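Now for the letters of each chain:
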Amino acid sequence: MGRATGHRAEVLRSIDQLPPGSWERLAPAGDPMWSRGVFRALERSRVGPSGYAYLTVRRGAETVAVLPLCLFRDLRLDRIVGPRERRLLAPLRRHAPRLLRVPMLFCGHLLGQGHVLAAEPLDGPAGELLVSAVLDFARRERLGTVVLKDFAGPDLAPLRAPLTAAGFFLVPSLPDTELALPADSFEQYLAALPAKPRRNARAKIRRFAARPGLRIEVLADFAHLLPAVLALYGQVMDRADQTLDVLDHAFLATVAEDPLSRLVACFEGERLVGFLLCLFTPGALFTAGAGAVDGDGVGDGVVAGAAAGATGARIGLDYRLAHDAALYHNLHYAAVRLALAEGCRHIRFAQTAYLPKVELGCALVEQWHAMTHVRPLPRALLRRLLPPALTAARDRALGPHGPLGPHGGARPAPPHPRAEARTEERPPHAAR
């Protein structure tokens, strides 16, 4: 592809075509969603996109940047909007369903926060090359709409100038959620919560303990449970507002092979009734890797390690008892206990279900979409229609925790090119 100041852009069709070690060198060290194994799992599965690619920027033989791409050749718009918008689109879905299917290119991470993988921010010419190469690829693949998905402001800031010059516009997306873990034990974590969330947490833990036959285990080997995992995950997805990605057996089977994945599993007798799939960064030190959670919340086969971060990636619940047993919260408490035991300093729980996650102590991590269309007229329509629609959907999802909630507050400002880094019980209502 094009060249700029000694750089060249190239598109690869598999993560395994990248030079050995380049992905690991560039990927964010504290985010297990960006492990090579997760992207291999995506490539082997059918969770939504019709294909994947990796735009690389190279300087000589060195790979200096990588941007993952997800190709949707026939994306259903009614699967990615909220319930209010879906009701408005219902007549169109009945009478002209083809109008709701659009070709779209997502740049970043289908399942997590977006990044351009780079050791340092791209300079002006390299950023221009990257943006130009994305648009060239979209035109060749006949994917009209292009979205840099769920980027934090500091990650998007170095690309702000070339994106604006190329016709992209910014829209606030749903924030991510991150729980800092400065505590040395789960009891210290609880003690640090504000009074009301602390009382609620202890009440939910007692509620779970009062249910006979329920127990939580941390499992390193959970491939035999995948049919039950998929069934519980299906219960959550059946209630989801948005279904951009739906994990399948192939994805979960590949993740289950990863030595840094764990299933926080809740059993009623021998029956799986809830789970939270957790991923860890390299550096976590596991021993036997499985065991029932004891009174301190630490599995018997798990010892402290040096993992930088963890992610509670996806959840599944048996709604027959989810509310009465406070399954959602207790699965998250068990994940917090596990992350603390592994020496993690943060754990992410991704988007949606903001009320319980804020009660857990999570901070909201502001994120943005950068969007455009390769043709001028659709680009103008998108620029006019999408920002207010997506902003309204975001504010509804955030509720009292949003910028326009009952306590007021200004809407977040778009990331500036010189921006510096900052950092009722209901299950997730979207794909995350």
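Since the model is a prediction, treat every value here as computed from it, not as a measurement.

## Considering helix α11 (residues 327-341)
Okay, so step 1: The end-to-end C-alpha separation of α11 is 21 Å, in line with the 21 Å expected for 15 residues at 1.5 Å each.
Okay, so step 2: Along α11, 15 of the 15 residues are buried, which leaves the element largely enclosed by surrounding structure.
Okay, so step 3: Of the residues one or two after α11, G343 is the one with positive phi, at around 80 degrees.

## Quick word on the pairing of strand β15 (residues 363-373)
Okay, so step 1: Of all eleven residues in β15, eight are buried, a share of seventy percent or more.
Okay, so step 2: Where strand β7 (residues 145-152) meets β15, six bridges bridge the pair, whose relative direction is antiparallel. Along β15, the bridge assignment pairs L148 with A370.
Okay, so step 3: In the sheet, strand β8 (residues 169-180) pairs with β15 via eight bridges, with the strands oriented antiparallel. Each residue of the ladder has a partner; that of F169, found in β15, is M371.

## Points about the packing of aromatic side chains
Okay, so step 1: For the structure on display, the rule yields eight aromatic pairs.
Okay, so step 2: With a centroid separation of 5.4 Å and an interplanar angle of 40 degrees, the aromatic rings of F186 and Y189 are classed as tilted. Taken as a pair, F186 and Y189 lie in helix α7 (residues 186-192) at a separation of three residues, close to a single helical turn. Pair check on accessibility: F186 and Y189 agree, each one buried.
Okay, so step 3: In textbook terms, an aromatic cluster arises when at least three aromatic residues are bridged by ring pairs, as seen for W23, W34, F39 and Y54.
Okay, so step 4: It is R239 that lies over the ring of Y319; its NZ or CZ is 3.7 Å from the centre.
Okay, so step 5: Note that R337 overlies the ring of F186, its terminal NZ or CZ placed 4.2 Å from the centroid.

## Some thoughts on the nonpolar core
Okay, so step 1: Formed by 53 residues in total, the largest nonpolar core has its most connected members in W23, L110, F251 and L263.
Okay, so step 2: Counting residues per element, this core draws most heavily on helix α9 (residues 226-238), at five residues.
Okay, so step 3: Non-local contacts of W23, meaning those with residues more than four positions away in its chain, are made with I15, L18, W34, S35, R36, F39, Y54, V66, P68 and L117.
Okay, so step 4: Residues Y189, L190, F208 and L276 belong to the second largest nonpolar core, which totals 42 residues.

## So, helix α8 (residues 195-209)
Residue pairs three or four apart in sequence face the same way in an α-helix, which turns once every 3.6 residues.
Okay, so step 1: The end-to-end C-alpha distance of α8, which contains 15 residues, comes to 21 Å, matching closely the 21 Å that a straight helix rising 1.5 Å per residue would cover.
Okay, so step 2: P197, A201, K204 and F208 are the residues of α8 that are buried. Projected down its long axis, α8 shows its buried positions confined to an angular sector of 70 degrees, all on one face. Residues K196, R199, R206 and A209 are exposed on α8 and point more than 90 degrees away from its buried face.

## Observations concerning the pattern of salt bridges
Okay, so step 1: Taken as a whole and judged by the stated rule, the model has 22 salt bridges.
Okay, so step 2: A salt bridge links E24 to R36; its shortest N-O distance comes to 2.8 Å. Here E24 is found in helix α1 (residues 22-26), whereas its partner R36 is found in helix α2 (residues 36-44), with twelve residues between them in sequence.
Okay, so step 3: Residue R36 is classed as buried on the basis of its relative accessible area of 12%.

## Section: empty space enclosed by the protein
Okay, so step 1: Counted as a void, the largest cavity has a volume near 80 Å³.
Okay, so step 2: In terms of lining residues, the largest cavity is bounded by D31, M33, L111, G112, Q113, D176, T311, A313, R314, R348 and A350.
Okay, so step 3: Looking at which element gives the most residues to the lining of the largest cavity, the answer is strand β13 (residues 310-317), with three residues.
Okay, so step 4: Among the residues forming the lining of the largest cavity, the class breakdown is four nonpolar, three polar and four charged.

## Here's the deal with the packing of α8 against α11
Okay, so step 1: The N-to-C vectors of α8 and α11 enclose an angle of 105 degrees; their axes lie 9 Å apart at closest approach. Compared by their axis directions, α8 and α11 come out roughly perpendicular. Across from A201, K204, I205 and F208 in α8, the residues of α11 making contact are L327, H329, N330, Y333 and R337.
Okay, so step 2: For the contact of α8 with α11, the per-class residue count stands at five nonpolar, two polar and two charged.

## Some details on the environment of S185
Okay, so step 1: Mapping S185 onto the fold places it in the loop between β8 and α7.
Okay, so step 2: As for S185 and V336, which are separated by 151 residues in sequence, their C-alpha atoms are 9.5 Å apart.
Okay, so step 3: Within the local environment of S185, its side chain forms a polar contact with the backbone nitrogen of Q188, the two atoms lying 3.2 Å apart.

## Observations concerning unusual backbone geometry
Okay, so step 1: One non-glycine residue, R142, lies in the positive phi region at around 60 degrees.
Okay, so step 2: On the secondary structure map, R142 appears in the loop between α4 (124-140) and β7.
Okay, so step 3: Assessed through its relative accessible area of 71%, R142 is described here as exposed.

## Focus: the confidence of the model for the chain
Any region with low pLDDT has predicted coordinates that should not be read closely.
Okay, so step 1: With 81% of its residues at a pLDDT of 70 or more, the chain shows a mean pLDDT of 84.
Okay, so step 2: When the criterion is pLDDT under 50, residues 404-411 qualifies, and its contacts beyond four places in sequence or with other chains add up to 13 contacts.
Okay, so step 3: Scored below 50 in pLDDT, residues 417-432 makes 57 contacts in the model with residues more than four places away or belonging to other chains.

## Digging into the environment of M104
Okay, so step 1: Checked against the element boundaries, M104 lands in strand β5 (residues 101-107).
Okay, so step 2: Assessed through its relative accessible area of 6%, M104 is described here as buried.
Okay, so step 3: Remark: the alpha-carbon pair of M104 and F72, spanning 32 residues in sequence, is separated by 5.1 Å.
Okay, so step 4: When residues no more than four places from it in sequence are discounted, the contact partners of M104 are C70, L71, F72, L75, L77, L143, T145 and V147.

## Examining the side chain of T177
Okay, so step 1: Mapped onto the elements of the fold, T177 is located in strand β8.
Okay, so step 2: Those residues within four positions of T177 in sequence are excluded, and the remaining contacts are I347, R348, F349, A350, Y354, K357, C362, A363 and L364.

What counts, and where the lines are drawn
- Residues numbered from 1 in each chain as written.
- Predicted model: local features only at pLDDT ≥ 70, side-chain atom pairs only at ≥ 80, totals over all residues.
- Heavy atoms only, no water.
- Helix = DSSP H or I, 4+ residues; strand = E, 2+ residues; numbered from the N terminus.
- Expected span 1.5 Å × (residues − 1).
- Buried < 20%, exposed > 50% of the residue type's maximum accessible area, 1.4 Å probe, protein only.
- Pairing = 2+ DSSP bridges.
- Phe/Tyr/Trp six-rings, centres within 6.5 Å; stacked < 30°, edge-to-face > 60°.
- Lys NZ or Arg CZ within 6 Å of the ring centre and 35° of its normal.
- Core = buried A, V, L, I, M, F, W, Y, C linked by side-chain atoms within 4.5 Å.
- Contact = heavy atoms within 4.5 Å.
- Arc of directions from axis to C-beta.
- Salt bridge = Lys/Arg side-chain N within 4 Å of Asp/Glu carboxyl O.
- 1 Å grid on protein atoms, 1.4 Å probe; cavity = no way out; pocket = protein on both sides within 12 Å on 5 of 7 lines; lining within 4 Å.
- Points joined across faces, edges and corners; volume = space filled by probe spheres on them.
- Nonpolar A, V, L, I, M, F, W, Y, C, P; charged D, E, K, R; others polar.
- Axes fitted to C-alpha atoms, helices over the stretch in contact; angles between N-to-C directions.
- Parallel < 35°, antiparallel > 145°, perpendicular 65-115°, else oblique.
- Polar contact = N/O pair within 3.5 Å; in protein donor to acceptor, adjacent residues only side chain to side chain.
- pLDDT = per-residue confidence, 0-100.

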